[in-house]
Each structure stands twice: as structure tokens, then as C-alpha cells.
Amino acid sequence: MLRLITLNVFVELVCFVVSVVCLNKDRSWPWHGMSLFLLLTCITEMLGVHFKLLYLADRAHARPNIWLYNGLLIFQALFITYVFERFINRYVRIRPVMIIGLLILATSYGYELYNHGIFIYNEITNTLMLITFVLYSLYYYYLLLKDENYINLNRSPEFWWVAGILFFYFGSTATNVFFDYLYPYHSPDVRYLSKTIFRGLNILLYGCWCYSFICKKWALQISEA
Amino acid sequence: MGVADIRSLVLIATAIFLIAPVFLLAYVLFYNSRKKKHIEEKAQMKQAFETELIKAQAEVQEQTLQTIGADLHDNIGQLLSLISLNLNSIELTEDIAKAQKKIEASASLTLESIKELRLLGKLLHGDQLVINGLAASIEQLVLWISKADRFKVEYHVHGEAEEKNTAKDLIIFRIVQETVNNIVKHADASEIVIELTFLTDMVAVKISDNGVGFDVNSITANNKGMGLHNIYKRAMMAGGRAEIRSVPGSGSYVNIFVPYQ
């Protein structure tokens, strides 16, 4: 079991535990669904490690774990879009735009599946998702700036949740774009660097999310008091 | 392109793509803290305006009570004394025609007293004076000054308020009251002109007199003119401004402009 706990899985598990501790009393959506989403992510990551080990042990018979991450893409797209819809909906009605965004992602996903099957990663969908989430994050901050009401952002769960998304998806742009472009030149060194960058981005993402859950707990305590 | 170059390229690009959100978040946080400061300042200004409003209300009441006190003493008191004298001087044995004349004079004086008391009654609603609108409250003030026959008072109203703003009305009325009070006390004037103009989103009041005038700069510089200072301050509190112009020997002009919505 311990061999399944990589650094990424460990960070995700910590975030999952924090979400359970901080949000167990919170029945409001989308916060109520955070733990479930993180549990799904942890299970996928651990299964991913498991399938990777099987594949590395027997490349002739086992399949790479890519299909798992292709499956996770669907949940990521749906859940993160839903969370953004809840956050942005406080300022403007964004649902129609988000439905269009999801339709574009679904089309791209279907196209990629049709083209190369489930065992090759849906790179185009991932890139489109990256762009979509970065745009949603920027729009959320724009609305926050425009809002006349003051919010204590240092303790705003929404602000830090979106910050995590922005750091992860915007920060991974370079690696995604350049890494694929430079694929012919890949060396173990470059691959290691890419992995290290993703580990760092994961820590940033889940670090921000952990703080966001803690802020949510504080907010709940204040409203209860 | 060597491996080292690729590594550097990916590293630098990632750093840039990470620094950009850091700057964005820092900007949002900084802007938000400025927003907080701005909201606090607005709340402070609102608080100051409300304090000033209460002060102006108290001053209007005080001024009204002073006027009432003086009027009771000088006018109604005198009228009632006359009535008392008249009635006391009637002797039942005297000529009926003579007694009737005295009674008629007393009745006339009583009616005069009732009229005076009615006017006082209206003034007693000092704090509610502005409820009928700024134009009506200034008219009441003009009526009161004109009664003394010491001044020729002209009062003109141009346009009308689309919506009433009782808080601003009270502040403006207090400025007018204070200005008129200053003219009555210090200007030695015989004519006062008050012009009230309602513009689309602004109220302008012009008060002028033909009195002895004064040196605005020296009074302001020597901090003597608390009344002048109050006029400036109150106009500013209401979000507007006041202009005071005067030359010794040729009267004074006070212009007040207050945004009015």
C-alpha cells in the first residue's frame, strides 16, 4: 500500500483529510462536494500508480494508466466548472457560457477518443480545459475587483480556491506547451524537470485549497457564533 | 537545442507563468485593501455628516427658541400688557360707548396676539421646519424677518425640487439661517435678497445684502469668523461648496452650491 503513496498522492491525501475535517459540517454547495471530488482524485492517483507499476513490470501484457486520467478529466471538467459557476453566479449569470464551455470540451474529448482511443492522453481537451479555467479564474478576479463591497480576501475561501486553480493551470501552461513542442528532444533530465514542476504546482494547488477549506471552517464558526 | 537549454527554457517560462498570477493576486489584494480604506472613509464621512446634521438641527432649535423668547418678551408680552391695561381701565359706571371702544381695542389686540402666537406655533416646529421643503422653510424665515419692518427682504425661488432630501435641506436651511442671522446682527443692512435655484442635480442659494460688508480674507485668516467657517464646513459636508464675497462698504454675497438628488 505504501508504495502507492507518491508525493503527489500524499499532498492530495492531506488536502482530502483537511477537506473532511474542515467541511464536514458545511452542507452548502459546492463545498459539500469538495471531499468527494478529492477522494475521487486520490483513488484515481493511487490506481494510476498501481497500474503504472504493473505496466513497468510487464509492458507486454499490461496497459499504461492513461485511460484512468482520461476518465478523471471528465470529473475535473464537470466539477471545477460547477464550482466556478457557483462562485461567479453571485455577480453575473454565467451558466449559459459555462454550458458552451463544457460542450466545447465534450466535443474535443469525443474527437480525441474517436481519433486515438482511450489509451492515449487527451492532450487537446486538457489544453482547452487549462485555457477555460484560467479564463474563468481571471473573470472571477475581475468581478471581485469590480464589486463595490469589501470582502476580507485574506480569509476568503473562494479567493484562495480560485488562486490554487490559477497557479496550477496557468503555471502548467509553459510545461504543457513547451514540453509537447520539445518532445523530440526529451531526455530523462527534461522529463524529471517536468515532473518536478508538476509536483511543485500540485503542492501550490492543494496548499491553496487546504487554506481555502480552513477559511471556510473559520467562516462557518463565525456564522454559528 | 541542448538539454540544458530546454531545461532553462521550461524553467524560465514556468517561473514567468507563476509570477504572473502572484502579481495578479497581489494586485487584487492591494486593490481590496484600498477598497476597505475607501469604505471606511465613506463611513467616517457619513458619520461626520450625521453628527453635523444633529448639530445643525440643535442649532435650528436653539435659534428658534431664542426667537420665540424674544418675541414673547417684545411682542406678545407687550400686547397682553396692553390688553390687560385696557380691560382694567374699563369702569362699569362709565359711558358705554367709551367702554365699548376699549373692549373693541382689546379684542383687536387679542386677535393680534393670536396671530403672533400662531406664527410662534409654526416656528416651534423648528426641527420639522424643513419637512415642508427647503423653499417653504426659507419662506418662513423670510416672513419672520420681514415682520420686523427693519429690512426689505426679496425672496425668489427658481424651479422646484424633484425629490426632497430632508438631510440636505436641513443643512442648507441652517446655512441660510446662519447667514441671515449674521446680516441681521452685523451687516447694518436695509435690503436682503435670497435666491433659491433648483437645478437638475444641484441646489444653489444666493444671499446678498447692502450692508457695511467686511474683509473676508482678514476674518478668515484671523480665525474670527466662526460663522463663516461653519458655512464653508457645512456646505462641504453636504458635498458642495460655499463662496463668500464681500468688500467693506459694499455689502456681502454668499453663494452655496450643494449637489441635490
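Computed from a predicted model, the values in this text were never measured in an experiment.

Cut-off values and rules
- Residues numbered from 1 in each chain as written.
- Chains lettered and ligands numbered in written order.
- Predicted model: local features only at pLDDT ≥ 70, side-chain atom pairs only at ≥ 80, totals over all residues.
- Heavy atoms only, no water.
- Helix = DSSP H or I, 4+ residues; strand = E, 2+ residues; numbered from the N terminus.
- Rg over C-alpha atoms; globule rule 2.2 N^0.38 Å.
- Buried < 20%, exposed > 50% of the residue type's maximum accessible area, 1.4 Å probe, protein only.
- Areas by Shrake-Rupley, 256 points an atom, 1.4 Å probe, with all protein chains shown as cover.
- Lys, Arg positive; Asp, Glu negative; His and termini not counted.
- Charge placed at Lys NZ, Arg CZ, Asp CG, Glu CD.
- Pairing = 2+ DSSP bridges.
- Right-handed = clockwise from strand over helix to strand, strands pointing away.
- Contact = heavy atoms within 4.5 Å.
- Buried area = accessible area lost by both parts, 1.4 Å probe.
- Salt bridge = Lys/Arg side-chain N within 4 Å of Asp/Glu carboxyl O.
- Nonpolar A, V, L, I, M, F, W, Y, C, P; charged D, E, K, R; others polar.
- Domains from an automatic or database assignment.

Enquirer: Run through the overall build of chain A, naming residues and quoting values.
Expert: Along its length, chain A carries seven helices and zero strands. In terms of C-alpha radius of gyration, chain A reaches 18 Å, essentially the compact-globule figure of 17 Å for 225 residues. Each of the three principal axes of chain A carries a C-alpha extent, and together these read 60 × 40 × 30 Å. Put simply, chain A has 225 residues, and 47% of those count as buried. If you sum the accessible surface of chain A, you get close to 11,700 Å²; carbon and sulfur atoms cover 67% of it. Within chain A, the 13 negative side-chain charges are centred at a point lying 5 Å from the centre of the 17 positive side-chain charges.

Enquirer: So what's going on with unusual backbone geometry? Residues and values would help.
Expert: In the Ramachandran plot, D188 of chain B falls in the positive-phi region, its phi being about 55 degrees despite a non-glycine side chain. Along the polypeptide, D188 of chain B turns up in the loop between α4 (166-187) and β2 (191-198).

Enquirer: Hey, could you go over the pairing of β2 of chain B for me, with residue numbers and the actual values?
Expert: Residue and element names in this part refer to chain B. In this sheet, β2 lies alongside strand β1 (residues 152-158) in parallel orientation, the contact comprising seven bridges. Bridge pairing links E154 to V193 in β2. Handedness of the β-α-β unit built from β1, α4 and β2 comes out left-handed. As paired strands, β2 and strand β3 (residues 202-209) are joined by seven bridges and run antiparallel to one another. Opposite I194, over in β3, you have I207 as the bridge partner. From the end of β2 to the start of β3, which pair antiparallel, there are three residues.

Enquirer: Explain the interface of chain A and chain B residue by residue, including any values.
Expert: Every contact between the two is made by 30 residues of chain A and, on the other side, 24 residues of chain B. Taken together, both faces of the contact between chain A and chain B bury some 2,600 Å²; the carbon and sulfur share is 83%. Of all residues in chain A, L145, Y150 and L193 of chain A give up the largest surface area on contact with chain B, accounting jointly for 24% of the area buried on that side. Applying the counting criterion to the chain A and chain B interface returns zero salt bridges. Looking at the side of chain A that touches chain B, the element that brings in the most residues is helix α6 (residues 157-181) of chain A, giving ten residues. A class-by-class count of the residues in the side of chain A that touches chain B yields 21 nonpolar, six polar and three charged.

Enquirer: Please set out the pattern of salt bridges residue by residue, giving values where relevant.
Expert: Applying the stated criterion across every chain, the model contains eight salt bridges over all chains. Across the pair E158 of chain A and R90 of chain A runs a salt bridge whose closest N-O atoms are separated by 2.9 Å. With a gap of 68 residues between them, E158 of chain A in helix α6 and R90 of chain A in the loop between α3 (66-88) and α4 (95-116) connect regions that are remote in the sequence. Judged by relative accessible area, E158 of chain A falls into the buried class, the value being 10%. Across the pair K233 of chain B and E52 of chain B runs a salt bridge whose closest N-O atoms are separated by 3.5 Å. Of this pair, K233 of chain B sits in helix α6 (residues 226-237) while E52 of chain B is found in helix α1 (residues 3-89), placing the two residues 181 residues apart along the sequence.

Enquirer: Could you give me a rundown of the domain arrangement of chain B, with the residues and numbers involved?
Expert: Residue and element names in this part refer to chain B. Taken domain by domain, chain B consists of domain 1 (1-124) and domain 2 (132-261). Computed over C-alpha atoms, the centres of domain 1 and domain 2 are 15 Å apart. Every contact between the two is made by 18 residues of domain 1 and, on the other side, 17 residues of domain 2. Between domain 1 and domain 2, a total of about 1,700 Å² is buried, with carbon and sulfur atoms accounting for 64% of that surface. Of all residues in domain 1, F49, E52 and Q63 bury the most surface against domain 2, accounting for 33% of the area lost on that side.

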